[in-house]
Amino acid sequence: MATTYFTTDHEWLRVEGGIATVGITDYAQEQLGDLVFVELPETGKKLTKGDTAVVVESVKAASDVYAPVDGEITEANGTLSSDPSLVNSAATGAGWLWKMKLADESQLAGLMDEAAYKAHIG
Amino acid sequence: MTGDDTKHLPLEDIHMAAGARFGAFAGWSMPLTYPAGVMKEHLHTREQAGLFDISHMKLFEVSGPEAVALLNRACPLDAGALEISQSKLSFFLNEAGGILDDLIVTSLGDTRFMVVANAGNAVADEKHLRALAADFDAKVEPLDRVFLAIQGPEAWAALSRAGIETGSLLFMHGVEPRKNWFMSRSGYTGEDGFEIGLPEADARDLVAKLLGDERVLWIGLAARDSLRLEAGLCLHGQDITPETDPASAALMWAIPKEVRASGAFIGADALRAAVERGPAQKRVGLKPEGRQPVRAGAALFDADGNPAGHVTSGGFGPSAGHPVAMGYVATPLAKPGTRVFADVRGTKIPVDISSLPFTPHRYRKG
C-alpha cells in the first residue's frame, strides 16, 4: 500500500517498499507554466535532502526541484526527455520525475499529508 | 511581492478579471501570463491576434520650432528627413556611444514628433530629453495614455471589426486617428500589428470590443518575450545596454549614412571611433542543439574552450520549436554556422551562431 507525502516545496512522494516516486504537484506545474525541458538525474546518484535533483525549464525560466529526503536515484522518467509537457498535463501521474531508494525512512515523518498540503497552498 | 513603489496598469482590474498572473517588470506589476499559458498565447499571436497591455512604456510628444534639432542632438537620427507619419527606430546614446535606450520616433508634422520609450528607462529618458531641451526651442511632454499592442495576422481585421480602420497605414508609420490617440503599425513580435496609445476611457471601450472578437486573446509579458526573441528583437537592459554601442549590437542599419558620417548627436565621436576600430564583439542569434534552453548570463566558449562571449537572452521558441537565444561573441566567430559552446550548470551545450530572426518577419510593408 503506497503512502503519499507532500513537501512545502510543492513536491509529492509516493512511497512503497522503501522506494519513493517523486514529482511536483499540480499547483507547482501551474505556477511554472508550460515546461519545455527536464534535466533528469543519473541512476545511482546519491542525494541529500535539499540537493538539486532535477531542473525543470519552462519557456521563461529554469527551476530546481530538490531532493525531499536522502536517498539514491533508482530511475528517472525518461519519457520526459521527449515529452516534458507530461509534467503539466499529468503532474501527479505520468509526469513523475524520479524514483529514489530512501536512506532514512524516518525523514518522511517531517512531510505533510494531502490534507495538510491543501491547507498549505490555501 | 510588490513594494509600495510598484506601478500598476490603469487597466489592472481588467487583467485580474481575465485571470492574469502578475509579476514585477521594470518597476511595474505586469500580467506575465493569462490562463491560456505562455505557449498557447505565443502561438495564438502568430496565428490570429494577441492583445498586449504595454502601458508601462512611455509616450512623449516633442514639439516646437527646434524639435528636429533637439531630436537630432538626442538621437543618431535625421528627424527632419522623416516624412510625416514615418517612424524610425533610434537610440539615446551616452558620450561613449553606449545605448541608454532604444526608441521609436514618429513624425507627426514638421515640428511635432512622438517618441516611444521603454518602461525601465522612461524616467531617465524624460530627464535626459528635458535637460537637452533646455538648449532648444522645443517642448517635451510625457503623455498620460493607456498603450495597447495588437499583434498577429488578424490584428487589422479585429481592429476593423472594432471600428478602427487601419487602411493604408504601413509598417513603421504612425498617425493620430482620433483626439489624443496615437496609432502606429509596429510592434515587437515580428508580426503585422499595431500599437495604440489612447485615453483610459477610450481604451476600456476598445478592449471590450476587441475581446468580444474570438480571434483576440490577452497575451502576457512571458509570451511577449518569447515572441520578440524569436523575431530577433533586442530587449534593452539585456541585449543592449549602456555598455553596448549600435555597432557591436548590429544595429547600425538604424542610423542613416549621412548621420553616421556627419551627425552631431551625443556619442557621435565615440561611435565613429568604434565603427573605425571595428567592434570586438557582435550581437548574434544563437541556436542551441537539442531541447535544453540556454539562458541569459550563460558563458560561451569556442571549440578550444577559450571564452567566446555570453548569452543576453535565451529561452524556448514555441513557433521555432527549439530553444532560441541571442548574445555577443567575438567578432571573428560572428558568422552563421559557427559552433560555440554554452556553459549550462557545468555542462557544455553546443550552440550554433544563427542568423536572425528565428521566425520570418511578416510586416506589412506595402
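Everything quoted here is computed from the prediction, not taken from an experiment. (Residues numbered from 1 in each chain as written. Chains lettered and ligands numbered in written order. Predicted model: local features only at pLDDT ≥ 70, side-chain atom pairs only at ≥ 80, totals over all residues.)

Tallying secondary structure elements over chain A gives 4 helices and 9 strands in all. Along the three orthogonal principal directions, the C-alpha set of chain A runs to about 35 × 35 × 25 Å. Out of the 122 residues belonging to chain A, those deemed buried represent 44%. Partitioning the contacts of chain A with sequence separation of at least 6, the portion at a separation of at least 24 is 61%. (Helix = DSSP H or I, 4+ residues; strand = E, 2+ residues; numbered from the N terminus. Buried ≥ 20, exposed ≤ 12 C-beta atoms within 10 Å, placed from the backbone. Contact = placed C-beta atoms within 7 Å.)

Turning our attention to unusual backbone geometry. For the bond from L356(B) to P357(B), the omega torsion is 0°, close enough to zero to count as cis. Tracing the sequence through the fold places P357(B) in the segment after β20 (347-354). In this structure, H10(A) is a non-glycine residue whose phi angle is positive, near 70°. Along the chain, the position of H10(A) falls in the loop between β1 (3-6) and β2 (11-16). Phi is positive for R345(B), which is not a glycine, with a value near 50°.

We now examine the interface of chain A and chain B. Each partner contributes residues to the interface: chain A has 10 residues there, and chain B has 15 residues. Breaking the side of chain A that touches chain B down by element, the ones donating at least two residues are β4 (35-39) and β6 (52-58) of chain A. The biggest single contributor to the side of chain A that touches chain B is β4(A), with 3 residues. Of the residues in the side of chain A that touches chain B, the class split is 5 nonpolar, 1 polar and 4 charged. (Nonpolar A, V, L, I, M, F, W, Y, C, P; charged D, E, K, R; others polar.)

On to the environment of D343(B). Residue and element names in this part refer to chain B. Looking at the element boundaries, D343 is found in strand β19 (residues 339-344). The spacing of D343 and L211 is 132 residues in sequence and 43 Å in space, taken between C-alpha atoms. Those residues in contact with D343 that lie beyond four places of it in its chain are A298, A299, F301 and K348.

Let us now look at the nonpolar core. Residues and elements named next belong to chain B. Grouped together as the largest cluster of nonpolar side chains are 119 residues, with contacts concentrated most on L51, V62, L71, V115, L148 and I150. Inspection of this core shows a minimum of three residues originating in each of domain 1 (7-55 + 145-230) and domain 2 (57-140 + 245-278). Beyond its immediate sequence surroundings of up to four residues, L71 is in contact with V62, L77, A79, V105 and F113. Judged by nonpolar contacts, the second largest core, of 21 residues, contains L229, V311, V329 and I353. (Core = buried A, V, L, I, M, F, W, Y, C linked by C-beta atoms within 7 Å. Domains from an automatic or database assignment.)

Backbone-to-backbone hydrogen bonds join strands into a sheet, with any given pair of strands oriented parallel or antiparallel. Residues and elements named next belong to chain B. Spatially, β1-β3-β2 is the arrangement adopted by the 3 strands of the open sheet, whose pairing is mixed. At either margin of the open sheet sits one strand with a lone partner, and together these are β1 (7-8) and β2 (21-25). When β2 meets strand β3 (residues 28-33), the two strands line up antiparallel, connected through 5 bridges. Counted as the bridge partner of G23 is M30 from β3. (Pairing = 2+ DSSP bridges.)

Residue and element names in this part refer to chain B. Taken in spatial order, the 6 strands close into a barrel running β15-β18-β17-β16-β19-β20, and their pairing is antiparallel. Looking at each pair of strands side by side, their axes are set apart by 40° on average, direction ignored. Here 6 bridges tie strand β15 (residues 281-288) to strand β18 (residues 322-330), and the two strands are oriented antiparallel to one another. Within β18, the position partnered with L286 by the bridge is A325. Lying over the sheet, helix α7 (residues 221-230) contacts β17 (307-317) and β18, oriented at roughly 125° with respect to β17. (Axes fitted to C-alpha atoms, helices over the stretch in contact; angles between N-to-C directions.)

Residue and element names in this part refer to chain B. Of all 6 residues making up strand β13 (residues 193-198), 6 are buried, and the element is well covered by its neighbours. Burial of β13 is two-sided: the residues G193, E195 and G197 facing one way and the residues F194, I196 and L198 facing the other way are all buried. Where strand β10 (residues 146-151) meets β13, 6 bridges bridge the pair, whose relative direction is antiparallel. Looking at the pairing, L148 lines up with I196 of β13. Of the strand pairs in this sheet, strand β12 (residues 182-184) and β13 are connected by 3 bridges, and their pairing is antiparallel. Residue pairing in the sheet places S184 in a bridge with E195 of β13.

Residues and elements named next belong to chain B. Between helix α3 (residues 67-74) and helix α4 (residues 122-133), the shortest axis-to-axis distance is 10 Å and the interhelical angle comes to 125°. Overall, the two elements α3 and α4 adopt an arrangement that is oblique. Helix-helix and strand crossings are classified by hand; for α3 and α4 the assignment is right-handed. Contact with α3, carried on its side by L70, R73 and A74, involves L129, L132 and A133 of α4 and no other residues of that element. The residue makeup of the contact of α3 with α4, split by class, is 5 nonpolar, no polar and 1 charged. (Parallel < 35°, antiparallel > 145°, perpendicular 65-115°, else oblique. Left-handed = near helix turned anticlockwise from the far one by under 90°.)

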